[in-house]
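# Coordinate inspection notes
Given next are the chains, with one letter for each unit.
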Amino acid sequence: MEVREGESIQKAIDSLEKGDTVKVFPGIYHEFLFVDKTHFTLSGVIVNGKWPVLDGEAKLNDGVIGSGANFLIENFHIKNYKANGVMTQGAGNIIMRKLIVENTGIYGIYPTMGTNVVVEDTVSLGIADAAIYIGMCHNVDVRRNEVYGSVIGIEIENSTNVLIEGNTVYDNSAGIVAFALPGLPLKKVENVIIRKNFIFDNNHRNFAEPGALVAGVPPGIGIGVMAGDEVTIEGNIIRRNSFAGIGIGDNNLLPNSKSPDPDVEPNPDRNKVLENVFIDNGSRKWNDFISWIFYVIRVVFSGNPIPESPNGGKVGIFPEGYDIVASGKGKDNCLSSPDSVTKIGTSEYGICSPKESTEQIKTMIGDPKLGEAKSDARELGKQVFGAVCSGCHSMTLRTVGPPIKEIQDKYKKDVYGVVSFASMPKKVREGFIEMPSQKYLGNEKLTAVANYILNLKDEGSKGVVK
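Residues numbered from 1 in each chain as written. Predicted model: local features only at pLDDT ≥ 70, side-chain atom pairs only at ≥ 80, totals over all residues. Heavy atoms only, no water.

## A look at the overall build of the protein
- Scanning the protein from terminus to terminus reveals seven helices and 34 strands.
- For the protein, the proportion of its 466 residues judged to be buried stands at 58%.
- Taking the intrachain contacts of the protein between residues at least 6 apart in sequence as the baseline, contacts between residues at least 24 apart amount to 58%.
- In the structure as shown, the protein presents an accessible area of about 18,900 Å², 53% of it carried by carbon and sulfur atoms. (Helix = DSSP H or I, 4+ residues; strand = E, 2+ residues; numbered from the N terminus. Buried < 20%, exposed > 50% of the residue type's maximum accessible area, 1.4 Å probe, protein only. Contact = heavy atoms within 4.5 Å. Areas by Shrake-Rupley, 256 points an atom, 1.4 Å probe, with all protein chains shown as cover.)

## Quick word on the state of the cysteines
- Under the criterion given, the structure shown has one disulfide.
- Residue cysteine 334 pairs covalently with cysteine 352 via a disulfide, S to S 2.0 Å. On the S-S bond that ties cysteine 334 to cysteine 352, the torsion sits near 100°, and the link is right-handed. In this pair, cysteine 334 sits in strand β30 (residues 334-335) while cysteine 352 sits in the loop between β32 (350-351) and α3 (368-371), placing the two residues 18 residues apart along the sequence. For the pair cysteine 334 and cysteine 352, a shared accessibility class is recorded, and that class is buried. (Disulfide = S-S within 2.5 Å.)

## Points about empty space enclosed by the protein
- For the coordinates displayed, the defined rule picks out five cavities of 30 Å³ or more.
- By volume, the largest cavity is sized at about 700 Å³.
- His393, Pro402, Ile407, Phe421 and Met435 are, among the 41 residues lining the largest cavity, the residues nearest its centre.
- A breakdown of the residues in the lining of the largest cavity according to their chemical character gives 28 nonpolar, six polar and seven charged. (1 Å grid on protein atoms, 1.4 Å probe; cavity = no way out; pocket = protein on both sides within 12 Å on 5 of 7 lines; lining within 4 Å. Points joined across faces, edges and corners; volume = space filled by probe spheres on them. Nonpolar A, V, L, I, M, F, W, Y, C, P; charged D, E, K, R; others polar.)

## Focus on the sheet that holds strand β31 (residues 343-344)
- If you walk across this open sheet you meet the 11 strands as β4-β7-β9-β11-β14-β17-β20-β23-β26-β29-β31, and the pairing is parallel. With partners counted over all chains shown, the strands left at the sheet margins are β4 (33-35) and β31, one partner each. (Pairing = 2+ DSSP bridges.)

## Points about the nonpolar core
- Counting 63 residues, the largest nonpolar core has Ile9, Val22, Leu42, Leu54, Ile73, Met96 and Ile246 as its most contacted members.
- Within the second largest apolar cluster, 52 residues are counted, among which are Tyr110, Val214, Ile407 and Tyr440. (Core = buried A, V, L, I, M, F, W, Y, C linked by side-chain atoms within 4.5 Å.)

## Topic: the pattern of salt bridges
- On inspection of all chains with the given rule, the structure shows 15 salt bridges.
- The residue glutamate 359 makes a salt bridge to lysine 196 at a minimum N-O spacing of 3.3 Å. Highlighted residues: glutamate 359 in the loop between β32 and α3 and lysine 196 in the loop between β21 (190-195) and β22 (198-200), separated in sequence by 163 residues.
- The closest approach of N and O atoms between lysine 405 and aspartate 409, which form a salt bridge, is 3.4 Å. One end of the pair is lysine 405 and the other is aspartate 409, both in helix α5 (residues 404-411) and four residues apart, which spans about a single turn.
- In this structure, a network of salt bridges that share partners links the residues Glu120, Asp121, Asp141, Arg143 and Arg144. (Salt bridge = Lys/Arg side-chain N within 4 Å of Asp/Glu carboxyl O.)

## Observations concerning the confidence of the model for the protein
- Residues with a pLDDT of 70 or more make up 89% of the protein, whose mean pLDDT is 85.
- Here residues 310-316 is a poorly scored stretch, pLDDT under 50, and it has 27 contacts once near neighbours within four places are set aside; other chains count.
- Counted against residues more than four places away or in other chains, residues 459-466, with its pLDDT under 50, gives 18 contacts. (pLDDT = per-residue confidence, 0-100.)

## A short note on α5
- For α5, the full list of buried residues reads Ile404, Ile407, Gln408 and Tyr411. Down the axis of α5, the smallest arc covering the buried residues is 100°, so these residues share one side.
- Immediately beyond the C-terminal end of α5, within one or two residues, lies lysine 412, with a positive phi of roughly 55°. (Arc of directions from axis to C-beta.)

## Points about the environment of glutamate 265
- Within the secondary structure layout, glutamate 265 lies in the loop between β26 (244-249) and β27 (272-273).
- On a C-alpha basis, the gap between glutamate 265 and aspartate 250 in space is 9.0 Å, while along the polypeptide they are 15 residues apart.
- Ignoring any residue separated from it by four or fewer positions in sequence, one finds glutamate 265 in contact with Ala227 and Asp229.
- Side chain to side chain, glutamate 265 and asparagine 267 meet in a polar contact 3.1 Å long. (Polar contact = N/O pair within 3.5 Å; in protein donor to acceptor, adjacent residues only side chain to side chain.)

## Re the side chain of glutamate 234
- Examined against the element boundaries, glutamate 234 turns out to sit in strand β24 (residues 229-234).
- Among all residues touching glutamate 234, those that are not within four sequence positions of it are Ile194, Arg195, Lys196, Leu274, Glu275, Asn276, Glu356, Ser357, Thr358 and Glu359.

## A few points about unusual backbone geometry
- Even without being a glycine, aspartate 171 presents a positive backbone phi close to 55°.
- In this fold, aspartate 171 is placed in the loop between β19 (168-170) and β20 (174-179).
- Its relative accessible area of 33% is what places aspartate 171 among the partly exposed residues.
- Backbone geometry at aspartate 280 places phi at a positive 55°, although glycine is not the residue there.
- Residue position: aspartate 280 is located in the loop between β28 (277-279) and α2 (286-302).

## Description of the packing of aromatic side chains
- Inspection of the entire model under this criterion finds seven aromatic pairs.
- Note on tyrosine 148 and tyrosine 170: the rings are 5.0 Å apart at their centroids and 5° apart in plane angle, and the pair reads as stacked. Here the residue tyrosine 148 occupies a position in strand β16 (residues 146-148), and tyrosine 170 occupies one in strand β19, the gap between them amounting to 22 residues.
- In this structure tyrosine 148 comes out as partly exposed when scored by relative accessible area, which is 24%. (Phe/Tyr/Trp six-rings, centres within 6.5 Å; stacked < 30°, edge-to-face > 60°.)

## What about the environment of glycine 381?
- Within the secondary structure, glycine 381 is located in helix α4 (residues 380-389).
- Residues glycine 381 and valine 449 lie 68 residues apart in sequence; the distance between their C-alpha atoms is 3.9 Å.
- Once you skip the residues sitting within four places of it in the chain, glycine 381 turns out to touch Ala448, Val449 and Tyr452.

Next comes the structure, spelled out in structure tokens:
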């Protein structure tokens, strides 16, 4: 089916079935699109250089949300949304390519709880959290994208089997990060390859919402690994990131990232920094000091403790930058050429074998059968929480929105209250962004996830019982 300017893309989507394609011609479309179909393609048509544009006009929350397996979206310019540009929820065999995503709130391109996910040949900018955010996914390729002008360029969070290759990442607060956070359904980030990327000048002022987890990310980091395991960094050009070219640490690395969760191993283990090109990391210009002063002030006034840095000082007033900065009690980490880089905190690191290379790995995408969406009514609430809510809410840690514990204290057993708020949210707290409406999920899913959230149990130092 073809859609032209003045017509409704969503009506076309709703009228089609499995295996169909919607082709959207150039024009400006002020819509939120929801695709809950399998084997479905949403394809923009570019004519004489003109793209179809999804424009939320800073009024709509999301550009596109997809929840069906085998979904492909391509050739769209998506801009001016308040929450996310393109988000997929619990879906597998997803391809997102040839997209321009601009000023779309918290996340630009955001697959969560997916399996077999490809993000390629996109441009994302002006995002207040992560331009590309891989949240709790398995088997992911992120390649040949350009990300800039955001707080984080590319973020891999609690995901496994991820290839980040051939991307151009610049002018963000942090370039590429791999984080394992506590309090989420999936407990680790593991087997990540960050390879052949051009990562430079990531010194942008951190403009995340105060109190959000990423507001604690210091500006000037090229690549950051927090509590990640088996992350291999190879063949990148890493230039003029004012804090460090690469930072590796435990989950105490950020001012607000520590929370008791015994299922999350907090240290970085078995990470490898192979041959990369480091140029002028740690050098600072006047604008970089402005970004630092702004960062330190925000951390101090957030009320969160400033973590210790490897040299005994505070991260927030770290005196010098290096090619590699390491902290934490990780084990079996290694560097290929330790004498060629400036570094601190790496005394326990070994030397990687000269034969170490990831070149034999061409993709992380696995068997398509793994990506087929599964549906189990008994697990509906858990699935919706993992796919939709966990990107912003964990049990006791504030990531973007308030922790689940605070929601439980407020609503007690009032399922209807949670459903009502999630359907028509409004801004109620200073320092928090307004929650986007989840009304599109429908009453069945909203009720299921409200029940799930209100009955999650926190056992303090023993962690979260699901």
